[in-house]
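The chain contents come next:
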Amino acid sequence: MGELLGVAVLGAGHMGADHIRRLDRVVSGARVAAVADPDPARAEAAVAGLTGVSVHTDPLAALDAPGVAAVLIASPGPAHEEALLAAFARRLPVLCEKPMVPDSTGALRVVEAEAALGRRLAQIGFMRRYDAEYRRLKALLDGGGLGRPLMLHCTHRNVSSPEGFTSAMLINSSVSHEIDAARWLLGQELTAVTVLRPTPSSRAPEGLSDPQFVLFETESGALVDVEVFVNCGFGYQVRCEAVCEAGSARIGEAHTMVVTTRDGAREEVARDYLVRFADAYDREVQAWVDATRRGEVTGPSAWDGYAASVVAEAGVRSLETGTRVTVEPAPRPALYARPGG
């Protein structure tokens, strides 16, 4: 297919550094051409050992660096809108980590800017669509053998929450993955949200409402419930069970390794998302690189990113008010397909 795709990576933190490693060592057809991070030492550490990479503190300078033909955005969510609009202005294909833009107003501006171009440039990083177990569940539901889906039961647990994590972030950061996965698996929009709060765990930092129980309603009357628990203390666990008219299917329980010694057997539990979904991230970035080199854009769209923001905002309002909140998105531009695509 010719020369390697030169990628500018914006953000060299936990996620960005892992993507830099992935582009350099795992993914074929691409190379890291530029990196931007407000902390130059962190950026230099992330590209140590790589050649031909320019390092910047200004993300716009990275977009304009020699050899850059595509952008991977792994900076904090509030910085995404400016980076996406700048990439669109330069007609650069983008893979943007979630949340695309944390607030729905900004997310809609991104959707409108891309729609004005008349073609897609952005893929949003909902990597569960690339996970082998989720893809098998999607194929099973699409095949119709289990009949009409009635419910999805979801679990999302983290060992601990990072400093500064808020009660709202359980919805707009953690559960955003379940929002997109539910829309994709069911091929339906989410129309209402109710958030219930049990007594917080003693492990939760003071003031953090953790765990939470989130109930989504879909346009066809299916229900999706999510237990989100970000300070469980024992591992990173993501599970999903689809209950249908003619059967059920469950994923997430067997994604582990059993170690046996003379002291007995034990199961290894992933400690974070980069371990549990390593293969999914690899497939996601490889698919993005391959499509970009073909001149195509595939995967979750900017509309999917906007839809997740709208649903998450409704969830935060439910969290704050204790009431059921309906989801009211803007009209969908013709550029974007239905959620199950």
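All of these numbers come straight from a predicted model, not from anything done at the bench.

Considering the overall build of the protein chain
Here comes step 1: Along its length, the protein chain carries eleven helices and 15 strands.
Here comes step 2: Its C-alpha atoms give the protein chain a radius of gyration of 20 Å, near enough to 20 Å, the size a compact globule of 341 residues would have.
Here comes step 3: Across its three principal directions, the C-alpha atoms of the protein chain cover 60 × 55 × 45 Å.
Here comes step 4: For the protein chain, the proportion of its 341 residues judged to be buried stands at 53%.
Here comes step 5: A sequence separation of at least 24 residues applies to 72% of the contacts in the protein chain between residues at least 6 apart.
Here comes step 6: Summed over all atoms, the accessible surface of the protein chain reaches about 14800 Å², with 52% contributed by carbon and sulfur.
Here comes step 7: Across the protein chain, 34 positive and 43 negative side-chain charges occur, with their mean positions spaced 4 Å apart.

Section: the pattern of salt bridges
Should their charged atoms come close, side chains of opposite charge can pair.
Here comes step 1: Going through the model one piece at a time under the given rule, you end up with 22 salt bridges.
Here comes step 2: For aspartate 18, the salt bridge goes to arginine 22, with nearest N and O atoms at 2.7 Å. Here aspartate 18 pairs with arginine 22, and both are found in helix H1 (residues 14-25), just four residues apart, close to one helical turn. Of the two residues, aspartate 18 and arginine 22, neither departs from the other in class, the shared state being buried.
Here comes step 3: Measuring nitrogen to oxygen at the nearest pair gives 2.6 Å for the salt bridge that ties glutamate 178 to arginine 128. A residue pair is termed long-range when its members are at least 10 positions apart, and glutamate 178 in helix H8 (residues 176-186) and arginine 128 in the loop between strand S6 (122-125) and helix H6 (132-143) qualify at 50 residues.
Here comes step 4: Owing to a relative accessible area of 2%, glutamate 178 belongs among the buried residues under this scheme.
Here comes step 5: Taken together, the shared-partner salt bridges in this structure form one network comprising Arg129, Asp180, Arg183, Glu189, Asp304 and Arg332.

Considerations on the sheet that holds strand S7 (residues 149-157)
Here comes step 1: Read across the sheet, seven strands follow the order S12-S11-S7-S10-S9-S8-S15 without closing on themselves; strand pairing throughout is mixed. Looking at strand neighbours, the two that pair on one side only are strand S12 (247-251) and strand S15 (325-326), the edges of this open sheet.
Here comes step 2: With two bridges joining them, strand S8 (residues 190-196) and S15 adopt antiparallel strand pairing. In the strand pairing of S15, valine 193 is matched with valine 325.
Here comes step 3: Relative to the sheet, H8 contacts S7, S8, strand S9 (212-218), strand S10 (223-229) and strand S11 (237-244), its axis offset from that of S7 by approximately 155°.
Here comes step 4: Packing of helix H11 (residues 302-321) onto the sheet brings it into contact with S8, S9 and S15, and relative to S8 it is tilted by some 35°.

A look at the pairing of S7
Here comes step 1: Across eight bridges, the pairing between S7 and S11 is antiparallel. Of the residues in S11, the one forming a bridge with leucine 152 is alanine 242.
Here comes step 2: Sheet topology note: the S7/S10 ladder contains seven bridges and is parallel. Residue pairing in the sheet places cysteine 154 in a bridge with valine 226 of S10.

Structural notes on H8
Here comes step 1: In terms of residue burial, H8 counts as a mostly covered element, since eleven of its eleven residues are buried.
Here comes step 2: At the C-terminal side of H8, glycine 187 shows a positive phi close to 65°.

Points about the packing of aromatic side chains
Here comes step 1: Following the criterion strictly, the structure yields three aromatic pairs and no others.
Here comes step 2: Between tyrosine 236 and phenylalanine 277, the ring centres sit 6.3 Å apart and the planes meet at 85°, which makes this aromatic pair edge-to-face. With tyrosine 236 in the loop between S10 and S11 and phenylalanine 277 in the loop between helix H9 (273-276) and helix H10 (278-293), the pair connects residues that are 41 residues apart, well separated along the chain.
Here comes step 3: A relative accessible area of 5% places tyrosine 236 in the buried class.
Here comes step 4: Judged by relative accessible area, phenylalanine 277 falls into the buried class, the value being 0%.
Here comes step 5: Consider the rings of tryptophan 303 and tyrosine 306, whose centres lie 4.9 Å apart with planes at 50°: the pair is tilted.

Brief notes about the UniProt feature "domain: Gfo/Idh/MocA-like oxidoreductase N-terminal" (unreviewed entry) in the protein chain
Here comes step 1: The UniProt record annotates "domain: Gfo/Idh/MocA-like oxidoreductase N-terminal" (unreviewed entry) at residues 6-121.
Here comes step 2: With 41% helix and 20% strand, residues 6-121 has its two end C-alpha atoms placed 16 Å apart.

Describing the packing of H6 against H8
In a pair of packed helices, the angle between the axes and the distance between the axes together describe the arrangement.
Here comes step 1: Here H6 crosses H8 at 35°, and the two axes come no closer than 9 Å. Together, Tyr134, Arg135, Leu137, Lys138, Leu141 and Asp142 of H6 and Ala181, Trp184 and Leu185 of H8 make up the contact between the two elements.
Here comes step 2: Partitioning the contact of H6 with H8 into residue classes produces six nonpolar, no polar and three charged.

Comments concerning the environment of threonine 199
Here comes step 1: Of note, threonine 199 is situated in the loop between S8 and S9.
Here comes step 2: Threonine 199 gets classed as exposed once you look at its relative accessible area, which sits at 70%.
Here comes step 3: Expressed as a C-alpha distance, the spacing of threonine 199 and serine 209, which sit ten residues apart in the sequence, is 7.9 Å.

Section: the nonpolar core
Here comes step 1: Leu23, Val35, Leu84, Met100, Tyr134, Leu152 and Phe216 are the most contacted members of the largest nonpolar core, which has 103 residues in total.
Here comes step 2: The dominant element in this core, judged by the number of residues it contributes, is H11, at eleven residues.
Here comes step 3: Tyrosine 134 has contacts with Arg128, Ala181, Trp184, Leu185, Val238, Cys240, Ile251 and Phe277, leaving out every residue within four places of it along the chain.

What about the pairing of strand S1 (residues 5-10)?
Here comes step 1: Of all six residues in S1, six are buried, a share of seventy percent or more.
Here comes step 2: Side chains Leu5, Val7 and Val9 project from S1 onto one buried face, and the interleaved Gly6, Ala8 and Leu10 project onto a second face that is buried too.
Here comes step 3: By the bridge criterion, six bridges tie S1 to strand S2 (residues 30-36) in an arrangement that is parallel. Its bridge partner being in S2, valine 7 is matched across the sheet by valine 32.

Calculation rules
Residues numbered from 1 in each chain as written. Predicted model: local features only at pLDDT ≥ 70, side-chain atom pairs only at ≥ 80, totals over all residues. Heavy atoms only, no water. Helix = DSSP H or I, 4+ residues; strand = E, 2+ residues; numbered from the N terminus. Rg over C-alpha atoms; globule rule 2.2 N^0.38 Å. Buried < 20%, exposed > 50% of the residue type's maximum accessible area, 1.4 Å probe, protein only. Contact = heavy atoms within 4.5 Å. Areas by Shrake-Rupley, 256 points an atom, 1.4 Å probe, with all protein chains shown as cover. Lys, Arg positive; Asp, Glu negative; His and termini not counted. Charge placed at Lys NZ, Arg CZ, Asp CG, Glu CD. Salt bridge = Lys/Arg side-chain N within 4 Å of Asp/Glu carboxyl O. Pairing = 2+ DSSP bridges. Axes fitted to C-alpha atoms, helices over the stretch in contact; angles between N-to-C directions. Phe/Tyr/Trp six-rings, centres within 6.5 Å; stacked < 30°, edge-to-face > 60°. UniProt positions renumbered as here; feature names shortened; annotations may be inferred. Nonpolar A, V, L, I, M, F, W, Y, C, P; charged D, E, K, R; others polar. Core = buried A, V, L, I, M, F, W, Y, C linked by side-chain atoms within 4.5 Å.

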